[in-house]
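Structural features, examined
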Amino acid sequence: MRTELISIPTDTDPLDGAYYEPDAAPIAGAALLFHGNTMNFYTGAMRFLPPVLARLGLVCLAFNRRGHDILSTRNSRIAVGGAYQSAREGIEDNRLAARWLAQRGFAQPVVIGHSNGGMLAVQHVADRPGTPALVLLSAHGGGKGILRRSGGSGLMVGDRIDEFADRARALVAAGRGRELMLMPGWWYAISAESFLDRLDNTPDALELAPRVTCPTLFIRGDQEPPASYPAEEFKARAGGRVTVEIVADCDHFYNGREQVVQELVASWLARTLGLDAA
């Protein structure tokens, strides 16, 4: 496949990414890929899926939201990255990436999202009923209960949500909303503003599910708790057909199971879109 590094303008920092085109198969459509929390376009599923998608004839756009990685810098010493992300910004970044792809001639791409990118993909597709297909890779459920579900799994701040929320609100009230708080679990550091945004503004994938009418593939590893990655409940609520696949001996990042996920996604898309899977 041919690969082009691209940059998509925003009102602040641009979105860097990679645009892939098939070099053998005729172009049959496009796929828009959303990375997981504090990840980026060159790790995980965003890296290992484009080659198999290109063989199906799909061009691919994988890109960094402004909330990529945990912390980063660009052209100054001002910190940026996942520790400062907001739901509004992530939704806007996905919209800008979709517009960029539409300008290349692909107005209705398949949407594929991993983890937090999967939750954002549900919002994106719910707002775009013409989407031909949606692939959710261990998408979390989102919503106002997200921190308590994460805490129950020992992630984020564990059972100290109220303590951290009080700290965050005090920092924001003091005009120190960008100040970082260290966290006892994943994802290690977060600004006060971003913590409160995650607590209050995360889209709810299950509430949005009835608005998702396109065919959907929802993949989850068997080591992931269904309460956090609710494939079956999403299927029960969705407005369209949902196929659920549970991958054996598989963690959240598909370590060692990449080929299985590649095959599941490629074969399902080939059947769903009528593509040549040879």
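Let me begin by describing the structure that accompanies this report. In this text, all values refer to a predicted model and were calculated from it rather than measured experimentally.

1. Some thoughts on the overall build of the chain
Tallying secondary structure elements over the chain gives 10 helices and 10 strands in all. Expected size for 278 residues packed as a compact globule is a radius of gyration near 19 Å; at 18 Å, the chain falls within 12% of this value. On the principal axes, the C-alpha backbone points of the chain span a range of 55 × 40 × 35 Å. Counting across all 278 residues of the chain, residues that qualify as buried make up 56%. Counted over contacts in the chain with a minimum sequence separation of 6, partners at least 24 positions apart contribute 70%. Of the roughly 11,900 Å² that the chain leaves accessible, carbon and sulfur atoms contribute 50%. Side-chain charges in the chain split into 28 positive and 31 negative, and the spacing between the mean points of these groups amounts to 3 Å.

2. Topic: the packing of aromatic side chains
Overall, the coordinates contain 5 aromatic pairs when judged by the stated rule. Ring centres of Phe34 and Phe63 lie 5.9 Å apart, and the angle between their planes is 80°; this geometry places the pair in the edge-to-face category. Remark: Phe63 occurs in strand β4 (residues 58-63) and Phe34 occurs in strand β3 (residues 29-34); sequence separation between them is 29 residues. Residue Phe34 shares its accessibility class with Phe63, and that shared class is buried. Ring centres of Phe41 and Tyr42 lie 5.0 Å apart, and the angle between their planes is 90°; on these two criteria the pair is classed as edge-to-face. Since its relative accessible area comes to 40%, Tyr42 is described here as partly exposed. A cation over an aromatic ring shows up here: Arg178 above the ring of Tyr84, its NZ or CZ 4.0 Å from the ring centre.

3. Details of the pattern of salt bridges
Scanning the entire structure with this criterion turns up 13 salt bridges. Of the charged contacts, one joins Asp11 and Arg66 as a salt bridge, the two residues approaching to 3.0 Å between their closest N and O atoms. A residue pair is termed long-range when its members are at least 10 positions apart, and Asp11 in the loop between β1 (2-8) and β2 (15-21) and Arg66 in the loop between β4 and α3 (87-103) qualify at 55 residues. Taking the relative accessible area as the measure of exposure, Asp11 reaches 69% and is therefore exposed. What makes Arg66 buried here is its relative accessible area of 9%. The shortest N-O distance in the salt bridge between Arg74 and Asp16 comes to 3.2 Å. Taken as a pair, Arg74 in the loop between β4 and α3 and Asp16 in strand β2 lie far apart in primary sequence, 58 residues in all. Taken together, the salt bridges that share partners define one network made up of Asp11, Arg66, Glu89 and Asp93.

4. Concerning helix α10 (residues 258-273)
Relative to the 22 Å expected for 16 residues at 1.5 Å per residue, α10 spans 22 Å between its end C-alpha atoms, a close match to the ideal helical length. All buried positions along α10 are accounted for by Val261, Gln262, Leu264, Val265, Ala266, Trp268, Leu269 and Ala270. Phi turns positive one or two residues past the end of α10, at Gly274, with a value near 70°.

5. Examining unusual backbone geometry
Positive phi is not limited to glycine here, since Asp249 has a value of about 55°. On the secondary structure map, Asp249 appears in the loop between β10 (242-247) and α10. By relative accessible area, which is 55% here, Asp249 ends up exposed. One non-glycine residue, Tyr254, adopts positive backbone phi at about 65°.

6. Details of the packing of α3 against helix α4 (residues 116-126)
Viewed as axis vectors pointing N to C, α3 and α4 meet at an angle of 60°, and their least axial separation amounts to 10 Å. Here α3 lies oblique to α4, going by the angle between them. Helix-helix and strand crossings are classified by hand; for α3 and α4 the assignment is right-handed. Contacts between α3 and α4 pair Gly90, Ile91, Asn94, Arg95 and Ala98 from the former with Leu120, Gln123 and His124 from the latter. Looking at the contact of α3 with α4 residue by residue, the classes come out as 3 nonpolar, 4 polar and 1 charged.

Reading guide: rules and limits
- Position labels on residues start from 1 in each chain and follow its written sequence.
- Totals for whole chains, interfaces and linings use every residue, but because this is a predicted model, local features are given only for residues with pLDDT of at least 70 and side-chain atom pairs only at 80 or more, for both listing and counting.
- Heavy atoms from the whole structure form the basis of all side-chain values; hydrogens and water molecules are not counted.
- Where helices and strands are cited, they refer to DSSP runs of H or I of at least four residues and of E of at least two residues respectively, numbered from the N terminus.
- With C-alpha atoms as the basis for the radius of gyration, the globule rule is written as 2.2 Å multiplied by the number of residues raised to the power 0.38.
- Each residue is placed in one exposure class: buried if its accessible area under a 1.4 Å probe, protein chains only, is under 20% of its type's maximum, exposed if it is over 50%, and partly exposed if it falls in between.
- Contacts were defined at the residue level, with two residues in contact if any of their heavy atoms lie within 4.5 Å.
- Exposure was quantified through the Shrake-Rupley algorithm and a 1.4 Å probe, taking into account, for residues, occlusion by the shown protein chains and nothing else.
- Charged residues are defined here as Lys and Arg on the positive side and Asp and Glu on the negative side; His and the ends of the chain fall outside this count.
- To locate a charge, the coordinates of NZ of Lys, CZ of Arg, CG of Asp or CD of Glu are taken.
- Classification of ring pairs uses Phe, Tyr and Trp, with its six-membered ring standing for Trp, and accepts pairs whose centres are within 6.5 Å; under 30 degrees between planes counts as stacked, over 60 as edge-to-face, and the remaining range as tilted.
- A positively charged side chain is recorded as over a ring if its NZ (Lys) or CZ (Arg) lies within 6 Å of the ring centre. The angle to the ring normal must also be within 35 degrees.
- Whenever a carboxyl oxygen of Asp or Glu lies within 4 Å of a side-chain nitrogen of Lys or Arg, that contact is scored as a salt bridge.
- In a helix, the anticipated span is given by 1.5 Å times the number of residues less one.
- Axes here refer to lines fitted to C-alpha atoms; in helices the fit is confined to the stretch in contact. Angles between the N-to-C directions go from 0 to 180 degrees.
- Reported orientations rely on four angle classes, namely roughly parallel under 35 degrees, roughly antiparallel over 145, roughly perpendicular from 65 to 115, and oblique for the rest.
- Left-handed describes a crossing in which the near helix is turned anticlockwise from the far one by less than a right angle; the clockwise case is right-handed.
- Under the scheme applied, nonpolar residues are Ala, Val, Leu, Ile, Met, Phe, Trp, Tyr, Cys and Pro; charged residues are Asp, Glu, Lys and Arg; polar residues are all the others, including Gly.

Keep in mind that these numbers describe shape and distance, not what the molecule does.
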